[in-house]
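# Descriptive analysis of the structure
Each chain is listed here by its residues.
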Amino acid sequence: MKKFILLPILLATSVITAAPAQADGLSLRICEYVQANDKSRLRSFLKQNKLKIRNIYKRLECNGNTLLIFAAKSNALEVGEFIIGKLPSKKVKAEIDNLAKYSAHLAEEARDR
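This brings us to the environment of N37. Note on placement: N37 falls in the loop between α1 (2-35) and α2 (39-48). The spatial distance from the C-alpha of N37 to the C-alpha of N75 is 7.9 Å, given a sequence separation of 38 residues. Not counting chain neighbours up to four residues away, the residues in contact with N37 comprise A76, L77, E78 and V79. From its side chain, N37 meets the backbone nitrogen of E78 in a polar contact 3.3 Å long.

If you want it as structure tokens, here you go:
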């Protein structure tokens, strides 16, 4: 009887412990794709993991910056345009001033949105 109760508890503990490690791997991969300006791999990775930019944007940081600012600092214009197109306009408008510091092109795209 003890084995029957102990096994589900051990399984639940291992699942709970593994979740943050997997999230760190996902965010690292996303940041790598943004820095490399690889829009197609970013899109396929997001689709494969059933993620949406608008859902993860608030919680995801790359080198202490938001995903859009990180794209601007990395000169990842193609990925930056992709992110701008996927975010709600309110979030994009809030980032325009910061974007202008690092990328005039992305700031202009954000203003047009």
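Considering all chains together, one arrives at 1 aromatic pair under this definition. Centre to centre, the rings of Y33 and F45 are 5.8 Å apart; their planes meet at 70 degrees, and the pair counts as edge-to-face. You can see Y33 sitting in helix α1 and its partner F45 sitting in helix α2, a full 12 residues away along the chain. Just as Y33 is buried, F45 falls in that class too.

With that settled, consider α2. Regarding α2, the residues found buried are L42, F45 and L46. Projected down its long axis, α2 carries its buried residues within an arc of 95 degrees, all on one side. Seen from the open side of α2, the exposed residues pointing more than 90 degrees away from its buried face are S40, K47 and Q48. K50 sits one or two positions beyond α2 and adopts a positive phi of about 55 degrees.

Analysis parameters
- Residues numbered from 1 in each chain as written.
- Predicted model: local features only at pLDDT ≥ 70, side-chain atom pairs only at ≥ 80, totals over all residues.
- Heavy atoms only, no water.
- Helix = DSSP H or I, 4+ residues; strand = E, 2+ residues; numbered from the N terminus.
- Contact = heavy atoms within 4.5 Å.
- Polar contact = N/O pair within 3.5 Å; in protein donor to acceptor, adjacent residues only side chain to side chain.
- Phe/Tyr/Trp six-rings, centres within 6.5 Å; stacked < 30°, edge-to-face > 60°.
- Buried < 20%, exposed > 50% of the residue type's maximum accessible area, 1.4 Å probe, protein only.
- Arc of directions from axis to C-beta.

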